[in-house]
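Below are the chains, spelled out letter by letter.
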Amino acid sequence: MGSKALLMLKGVSSIAPKNQIFNFNCKSSRSSNSSFSFSKVVINHDKNNKVRRCSTTITQSSLEPPNVSRLAETARISLTPNEVEEFAPKIRQVIDWFGQLQDVDLHSIEPSIRADTEDSNLRDDIPETFENRESMIAAVPSYEEPYIKVPKVLNKE
Amino acid sequence: MMASTIFRSIQNHPLLLYPTALFRRKNGVFYCTMKSTEAQTATQEKQKPQIKNPPRTQTKTSDKFSKDYEAVIGIETHVQLNTLTKAFCGCPYNYGSPPNTSVCPICMGLPGALPVLNSKVIELAVKVGLALNSKLSLNSKFDRKQYFYPDLPKGYQISQFDVPIASGGYIDLDLPVEFGGGHRRFGITRVHMEEDAGKLLHSENESYSQEITASPLPKYCLLIWLILLQVDLNRAGVPLLEIVSEPDMRTGIEAAEYAAELQRLVRYLGVSNGNMQEGSLRCDVNVSIRPIGQAQFGTKVEIKNLNSFSSVSRAIDFEISRQVLLHSQGQGDQITQETRLWEEGAQKTVTMRKKEGLADYRYFPEPDLPGVILTKEYVNSIRDSLPELPEVKRRRYEKMGLSMQDVLFLANDVNVAEFFDATIAKGADVKLAANWIMGDIAAYIKNEKLTINEIKLIPQELAELIASIKGGTISGKIGKEILFELLAKGGTVKGLIKEKDLVQIVDPMEIEKIVDKVLSENPKQLEQYRGGKTKLQGYFAGQVMKLSKGKANPGLLNKILLEKLNAQS
């Protein structure tokens, strides 16, 4: 976890109003509710080594332990049994941090839609052709002019 | 989203649907959607026999039950916005560009690339939100919808989930006269912004490869099997609006008219070309039935692969019959929540996939994009810039005294409506202008396969033509000749009248001279007429008209002719 996240946790009381926990409109109690938010954390941690400020749903304050195999499945990554064992406590730690955030009483605070409220950054509708298309296409693992070739089935569902 | 992509690719595989499609066409089931200037009413007349006479036997069985049930229909529509660039990157989007030419790290989902929202997308979304009478969220945001499919390079679609840009509106429409007419208001649940996925094409050797996979595989075969789909990412990242209706429709016709009105609306607003063939407007419908009087909804079925308004209408009517039949046979429990595919060739819906609970898209707020903040001033400035919308136009035309048939025809196509408006703005008689546009001009456009914007005739000259006929300068017959000249070559009414010496002869003396000449040249017929064969008046009138090169005023001609014919008897 980056230092930014630790900062966030230390300063929970002051930052909390900005990083309001947002309630999604999923009324049905989704069994995957917890894994859905945490998988995000895992991805960021692994790939970008960067924590993004975002508001997610966690409706219960006592959080379930992570199901690492399920998390790996939703992220379409394979883990060895050893890795599953190794990651479980680390992810558990992250979940516990969120548990702390979850415990902050925010009933009197109006939810904000986004954590960052800096000026919106928009682009004009002016076409701009990307110059280095060739190298991008060259990096495609399987390409047969003019198409990118992909495996047919990626979904197990 | 995922499934609609599958169908899109199926459409691109002509072999799948073609033989059966040909078969249907033989039966005269050929319909077209409302592209170009073809009128809504005209289009639907063609569909009518089809709807009245559905090609299925189950209808008879279920007809006596169908009166006990009502259908509940809701529609999700995806509208592709006609921005110059994609939603989150500057790649230009042009339909039909060579595959994978309009791509960049952002729309290809390369690591580290950051999306930046195109301001035009917000503008167009606000336009549609306002036009649908919905409540705009001054503060909305984007979310990530996760799913894994090869046409979606990032592994998620940027969409709006719990806070759409607009929610809770309605749309008004008039049902075509031939379907009994009537005004309807259908609720709009929400409008949200999202990005399109790429286009997936099935390669030629697919079926062959699949056969191989049926048996246990050596490794090289697996390789063949894996490389099966072709992806074109030109469309990935193109901005869409998803418009979700309330479940307010009850029949296939109502649903098709709702979709047609949405198309009209986006075309009036200029936010999309609304072209169904190109996939710029795509409809997924949800259909369920319930016993009349029951408040609770039945199990809903989703139908995809609807490429025209008539397929929307017919797929729904088929699905209603299918469900009613199951109920009538005591098999109502066989209706399961599933996605069904409309087969145009066979004119039926078939199971595509059964739903096993709700898909888990693991939505969360898109961290790479800031919130979408609208100011009241911004919204008001867009509200002030909105054009006259179809419903307002129809009500205005109705107040002008036009029949509903005329109203629907003229307001159907925004370009036709503008032509009509410009013509009457030049002082033309309303009913006469409507008749010319709906008659000879529409026929010419249809024959020449043009749009009204492509003809050489301009509204001012149509107004001039109508005035010239009304004022008696030229006859109606000559007016028609001038019209076709103007349609094909342009020019002015005054110029043509002068050039061709077409001014109507209204001088009684001059007409009398011609009548005298005709009578003296046809003594035999004159004798027969006076002997009681008065039908010959038409012959004389024709001769006089011919001699005057069509320029004699018909009223005067007939009056003078009659006097002369009857005078010396």
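This one's a predicted model, so the numbers in the text were calculated from it and none came from an experiment.

So, the overall build of chain B
Here is step 1: Scanning chain B from N- to C-terminus turns up 21 helices and 17 strands.
Here is step 2: For chain B, with 569 residues in total, the buried portion stands at 54%.
Here is step 3: The long-range fraction of contacts in chain B, counting pairs at least 24 apart against all pairs at least 6 apart in sequence, stands at 74%.
Here is step 4: Accessible surface for chain B amounts to roughly 24800 Å². Of this, 54% is attributable to carbon and sulfur atoms.

Focus: the side chain of B:Gln323
Residues and elements named next belong to chain B.
Here is step 1: Looking at where glutamine 323 falls in the secondary structure, it is placed in helix α9 (residues 309–328).
Here is step 2: In this structure glutamine 323 comes out as buried when scored by relative accessible area, which is 1%.
Here is step 3: Within the structure, glutamine 323 has its side chain in polar contact with the backbone oxygen of valine 287 (distance 3.4 Å).

Considerations on the sheet that holds strand β9 (residues 199–202) of chain B
Strand pairing in a sheet takes place through backbone hydrogen bonds and is either antiparallel or parallel in direction.
Here is step 1: Taken together, the 4 strands give an open sheet; going across it, the order is β2(A)-β3(A)-β10(B)-β9(B), and neighbouring strands pair in antiparallel fashion. Two strands in the sheet have a free side with no partner beyond their single neighbour: β2 (143–144) of chain A together with β9 of chain B.

Overview of the confidence of the model for chain B
Low pLDDT means the predicted atomic positions in that stretch should not be read closely.
All names here are of chain B.
Here is step 1: Looking at chain B as a whole, the pLDDT averages 85, with 83% of positions reaching at least 70.
Here is step 2: Ignoring residues within four places in sequence, the model shows residues 1–59, a span with pLDDT below 50, making 123 contacts including any to other chains.
Here is step 3: Low pLDDT, under 50, characterises residues 205–227; the predicted model gives this stretch 19 contacts beyond four residues in sequence or across chains.
Here is step 4: Here the predicted complex scores 0.76 on pTM and 0.75 on ipTM.

Concerning the sheet that holds strand β15 (residues 348–354) of chain B
All names here are of chain B.
Here is step 1: With mixed pairing, the 9 strands of this open sheet are ordered in space as β3-β7-β8-β11-β1-β12-β13-β14-β15. This sheet does not close on itself; its edge strands, each paired only once, are β3 (135–136) and β15.
Here is step 2: Sheet strands in contact with helix α11 (residues 390–399) are β7 (166–174) and β8 (183–195), and its direction is about 30° off that of β7.

Remarks on the pattern of salt bridges
All names here are of chain B.
Here is step 1: In the structure shown here, the tally under the stated rule is 43 salt bridges over all chains.
Here is step 2: Between glutamate 366 and arginine 144 there is a salt bridge, and its shortest N-O distance comes to 3.0 Å. Residue glutamate 366 is located in the loop between β16 (364–365) and β17 (372–373), and its partner arginine 144 is located in strand β5 (residues 143–146); the two are separated by 222 residues in the primary sequence.
Here is step 3: When its relative accessible area of 7% is taken as the criterion, arginine 144 is described as buried.
Here is step 4: The network of salt bridges with common partners includes Asp174, Glu261, Arg264, Glu391, Arg394, Arg395 and Glu398.

What to know about the UniProt feature "domain: Asn/Gln amidotransferase" (unreviewed entry) in chain B
Here is step 1: Under the feature "domain: Asn/Gln amidotransferase" (unreviewed entry), the UniProt entry names residues 418–565 of chain B.
Here is step 2: Note that residues 418–565 of chain B is 72% helix and 0% strand, and that its end C-alpha atoms are spaced 49 Å apart.

Observations concerning the packing of aromatic side chains
All names here are of chain B.
Here is step 1: Within this structure, the stated rule accounts for 9 aromatic pairs over all chains.
Here is step 2: Seen in terms of ring centroids, tyrosine 147 and tyrosine 361 are 6.3 Å apart; in terms of plane orientation they differ by 70°. Their pairing is edge-to-face. Of this pair, tyrosine 147 sits in the loop between β5 and β6 (156–159) while tyrosine 361 sits in the loop between β15 and β16, and the two are 214 residues apart along the sequence.
Here is step 3: Here tyrosine 147 falls in the buried class, since its relative accessible area comes to 4%.
Here is step 4: One aromatic cluster is present, formed by Tyr147, Phe161, Tyr361 and Tyr363 through successive ring pairs.
Here is step 5: Above the plane of the ring of tyrosine 361 lies lysine 145, whose end atom (NZ or CZ) is 4.3 Å from the centre.
Here is step 6: Its guanidinium or amino end placed over the ring of tyrosine 170, arginine 185 lies 3.8 Å from that ring's centre, counting from NZ or CZ.

Structural notes on the environment of A:Asn82
Residue and element names in this part refer to chain A.
Here is step 1: Position of asparagine 82 relative to the elements: it lies in helix α5 (residues 81–102).
Here is step 2: With a relative accessible area of 61%, asparagine 82 lands in the exposed category.
Here is step 3: Taking the C-alpha atoms as reference, asparagine 82 lies 18 Å from proline 65; in sequence the two are 17 residues apart.

Focus on the packing of helix α12 (residues 404–412) of chain B against helix α14 (residues 430–448) of chain B
Helix-helix packing: each pair is described by the crossing angle between the helix axes and the interaxial distance.
Residues and elements named next belong to chain B.
Here is step 1: Close contact between α12 and α14 brings their axes to 11 Å; oriented N to C, the two are set at 60°. When the axes of α12 and α14 are compared, the crossing they make is left-handed. Contacts between α12 and α14 involve Gln405, Asp406, Phe409 and Leu410 from the former and Lys431, Ala434, Ile437, Met438 and Ala442 from the latter.
Here is step 2: Residue classes in the contact of α12 with α14 are distributed as 6 nonpolar, 1 polar and 2 charged.

Things to note about the environment of B:Phe88
Here is step 1: Structurally, the position occupied by B:Phe88 is in the loop between β1 (69–80) and β2 (117–118).
Here is step 2: Judged by relative accessible area, B:Phe88 falls into the buried class, the value being 4%.
Here is step 3: Distance from B:Phe88 to B:Glu512, taken between C-alpha atoms, is 77 Å for residues 424 residues apart in sequence.
Here is step 4: Non-local contacts of B:Phe88, meaning those with residues more than four positions away in its chain, are made with A:Arg123, B:Ile106, B:Pro115, B:Val116, B:Leu117, B:Phe142, B:Ile158, B:Glu195, B:Gly237 and B:Leu369.

Describing the pairing of strand β13 (residues 301–306) of chain B
Residues and elements named next belong to chain B.
Here is step 1: Counting buried residues along β13, 6 of its 6 residues qualify, which places the element largely inside the surrounding structure.
Here is step 2: Where strand β12 (residues 281–291) lies against β13, 4 bridges are found, and the strand directions are antiparallel. Across the sheet, residue valine 287 finds its bridge partner in β13, namely valine 301.
Here is step 3: Here β13 pairs with strand β14 (residues 338–343) via 4 bridges, running parallel. By the bridge assignment, lysine 304 is partnered in β14 with leucine 341.
Here is step 4: Since β13 and β14 lie parallel, the crossover through α9 that links them has a hand, and here it is left-handed.

Structural notes on the pairing of strand β10 (residues 229–232) of chain B
Here is step 1: Of the two faces of β10(B), the one holding B:Leu229 and B:Val231 and the one holding B:Gln230 and B:Asp232 are both buried throughout.
Here is step 2: Of the pairings in the sheet, the one linking strand β3 (residues 147–150) of chain A to β10(B) comprises 3 bridges and is antiparallel in character. Along β10(B), the bridge assignment pairs A:Val150 with B:Leu229.
Here is step 3: Where β9(B) and β10(B) come together, 4 bridges link them in antiparallel fashion. Counterpart to B:Leu200 in the pairing with β10(B) is B:Val231.

Each value, and the rule that gives it
- Residues numbered from 1 in each chain as written.
- Chains lettered and ligands numbered in written order.
- Predicted model: local features only at pLDDT ≥ 70, side-chain atom pairs only at ≥ 80, totals over all residues.
- Heavy atoms only, no water.
- Helix = DSSP H or I, 4+ residues; strand = E, 2+ residues; numbered from the N terminus.
- Buried < 20%, exposed > 50% of the residue type's maximum accessible area, 1.4 Å probe, protein only.
- Contact = heavy atoms within 4.5 Å.
- Areas by Shrake-Rupley, 256 points an atom, 1.4 Å probe, with all protein chains shown as cover.
- Polar contact = N/O pair within 3.5 Å; in protein donor to acceptor, adjacent residues only side chain to side chain.
- Pairing = 2+ DSSP bridges.
- pLDDT = per-residue confidence, 0-100.
- Axes fitted to C-alpha atoms, helices over the stretch in contact; angles between N-to-C directions.
- Salt bridge = Lys/Arg side-chain N within 4 Å of Asp/Glu carboxyl O.
- UniProt positions renumbered as here; feature names shortened; annotations may be inferred.
- Phe/Tyr/Trp six-rings, centres within 6.5 Å; stacked < 30°, edge-to-face > 60°.
- Lys NZ or Arg CZ within 6 Å of the ring centre and 35° of its normal.
- Left-handed = near helix turned anticlockwise from the far one by under 90°.
- Nonpolar A, V, L, I, M, F, W, Y, C, P; charged D, E, K, R; others polar.
- Right-handed = clockwise from strand over helix to strand, strands pointing away.

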